[in-house]
Amino acid sequence: MLIDKKREEMYYNCRMRKKKLDYKFAAVRAVLIIPPLLIFAGTVLDIVMSMIGDAAVLATGVGLYGVYDSNGPSILGLLDLIITAAMTLFAVCLTIFKTEYALKKAVPIYIFATFACLVLLFVLDYIPMSIYVILSAIGIPAAIFNKKLIEEDKRMSMLDGYPHFNPLLIKHTDTPFVPPTQEELDGMSADERIMYEREH
């Protein structure tokens, strides 16, 4: 147990700062990963439902009477899958695995992705592509902010007690532990004996 109140207060302040930092990390992860992942899942579901519908048309023979045309999934659905999968994987490397390449190239990659999606939007005249333009543009400030958070986390990792900063989980190592003699153990009160056994 810590008896130094100033040190305990320092650990408390560091723990609160680390919690705020973790919340910011979680917010960046949510912004960069969740939207493309949801679009990817929705696209997969749409393709599967389209294939099931087409299979039902073929099985029942409705298409033979001109009631329903079976066109199959759109080729643009494959483009959606590729773009959202790439955005999700890159965001995971950037925020969760924090790979060196992703951290160094994040801003240029998101800038390139923004312009590439903008070009595809005008060339293909595919309105959902505007969503990818927005997500890529949001990725630019998010990547810069994420890098700053990682730098702050590295600075905090130099502090004693990282990452939990919980005095109850930190062993007091300022002075070497010297086990008490049997006489000292026998001379302890019940409360002192309980505290000793709890700490050691």
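One can find the structure itself at the top, above this paragraph.
Residues numbered from 1 in each chain as written. Predicted model: local features only at pLDDT ≥ 70, side-chain atom pairs only at ≥ 80, totals over all residues. Heavy atoms only, no water.

Chemist: Account for the nonpolar core, with residues named and values stated.
Modeler: Ranked by internal contacts, the top residues of the largest apolar core, which has 21 residues, are Leu32, Leu94 and Tyr110. Of all the secondary-structure elements, those providing two or more residues to this core are α1 (5-60), α2 (75-95), α3 (100-124) and α4 (129-157). Counting residues per element, this core draws most heavily on α1, at 7 residues. Look past the residues within four positions of Leu94 in its chain and what remains in contact with it is Leu32, Ala102, Leu103, Ala106, Tyr110, Ala143 and Asn146. By size, the runner-up hydrophobic cluster in this structure holds 9 residues, among which are Ile83, Cys117, Tyr126 and Val133. (Core = buried A, V, L, I, M, F, W, Y, C linked by side-chain atoms within 4.5 Å. Buried < 20%, exposed > 50% of the residue type's maximum accessible area, 1.4 Å probe, protein only. Helix = DSSP H or I, 4+ residues; strand = E, 2+ residues; numbered from the N terminus. Contact = heavy atoms within 4.5 Å.)

Chemist: Describe a nonpolar patch on the surface, with residues and values.
Modeler: Side chains of Val44, Leu45, Val48, Met49 and Ile52 sit close together on the surface and give an oily, nonpolar patch of about 440 Å² of accessible area. Mapped onto the elements of the fold, Ile52 is located in helix α1. (Patch = residues over 30% accessible without salt bridge, like charges linked within 9 Å, V, L, I, M, F, W, Y side chains within 5 Å. Areas by Shrake-Rupley, 256 points an atom, 1.4 Å probe, with all protein chains shown as cover. Salt bridge = Lys/Arg side-chain N within 4 Å of Asp/Glu carboxyl O.)

Chemist: So, the pattern of salt bridges: which residues are in play, and what are the values?
Modeler: With the rule as written, the count across this model stands at 5 salt bridges. Lys18 is paired through a salt bridge with Asp22; the nearest N and O atoms lie 2.8 Å apart. Separated by 4 residues within a single helix, Lys18 and Asp22 lie in helix α1, roughly one turn from each other. When its relative accessible area of 9% is taken as the criterion, Lys18 is described as buried. Overall, Asp22 belongs to the partly exposed group, its relative accessible area being 34%. Each of Lys18, Asp22 and Asp153 takes part in one network of salt bridges that share partners.

Chemist: Give me the packing of aromatic side chains: which residues, what numbers.
Modeler: Tallying each qualifying case throughout the model produces 2 aromatic pairs. Centroid distance Phe90 to Tyr110: 5.5 Å. Interplanar angle 75°. Geometry classified as edge-to-face. A residue pair is termed long-range when its members are at least 10 positions apart, and Phe90 in helix α2 and Tyr110 in helix α3 qualify at 20 residues. For the pair Tyr162 and Phe165, a centre-to-centre distance of 6.3 Å together with 80° between the ring planes defines the contact as edge-to-face. (Phe/Tyr/Trp six-rings, centres within 6.5 Å; stacked < 30°, edge-to-face > 60°.)

Chemist: Break down the environment of Leu118 for me, citing the residues and quoting the values.
Modeler: Note on placement: Leu118 falls in helix α3. Considered as a pair, Leu118 and Ser130 are 12 residues apart in the sequence and their alpha carbons are 7.1 Å apart.

Chemist: Give me α3: which residues, what numbers.
Modeler: Between the first and last C-alpha of α3 there are 34 Å, a value that for 25 residues agrees with the 36 Å anticipated at 1.5 Å per step. Its maximal kink placed at Ala106, α3 deviates by approximately 60°, while the proline Pro108 follows within four residues. Buried within α3 are the following residues: Ala102, Ala106, Tyr110, Thr114, Cys117 and Leu121. One or two steps after α3, the chain reaches Asp125, where phi turns positive at roughly 55°. (Expected span 1.5 Å × (residues − 1). Bend = angle between axes of the 7 residues up to and from the residue.)

Chemist: Tell me what's going on with the packing of α2 against α3, and back it up with residues and numbers.
Modeler: Running from N to C, α2 and α3 cross one another at 165°; their axes reach a closest spacing of 11 Å. Compared by their axis directions, α2 and α3 come out roughly antiparallel. As for the relative orientation of α2 and α3, their crossing is left-handed in sense. Every residue of α3 that contacts α2 at Leu76, Leu79, Phe90, Ala91, Cys93 and Leu94 is listed here: Ala102, Leu103, Ala106, Ile109, Tyr110 and Leu124. The class makeup of the residues in the contact of α2 with α3 is 12 nonpolar, no polar and no charged. (Axes fitted to C-alpha atoms, helices over the stretch in contact; angles between N-to-C directions. Parallel < 35°, antiparallel > 145°, perpendicular 65-115°, else oblique. Left-handed = near helix turned anticlockwise from the far one by under 90°. Nonpolar A, V, L, I, M, F, W, Y, C, P; charged D, E, K, R; others polar.)

Chemist: How would you explain unusual backbone geometry if you had to name every residue and give the values?
Modeler: In this chain, Tyr162 is followed by Pro163 through a cis amide linkage whose omega measures 5°. Tracing the backbone shows Pro163 in the loop between α4 and α5 (182-187). One non-glycine residue, Lys98, lies in positive phi territory at about 50°. Given the relative accessible area of 31%, Lys98 is considered partly exposed. A positive phi angle, close to 55°, is found at Asp125, a residue other than glycine. Tracing the backbone through its elements, the reader meets Asp125 in the loop between α3 and α4. A residue is classified by how much of its surface remains accessible, and Asp125, at 60% relative accessible area, is exposed.

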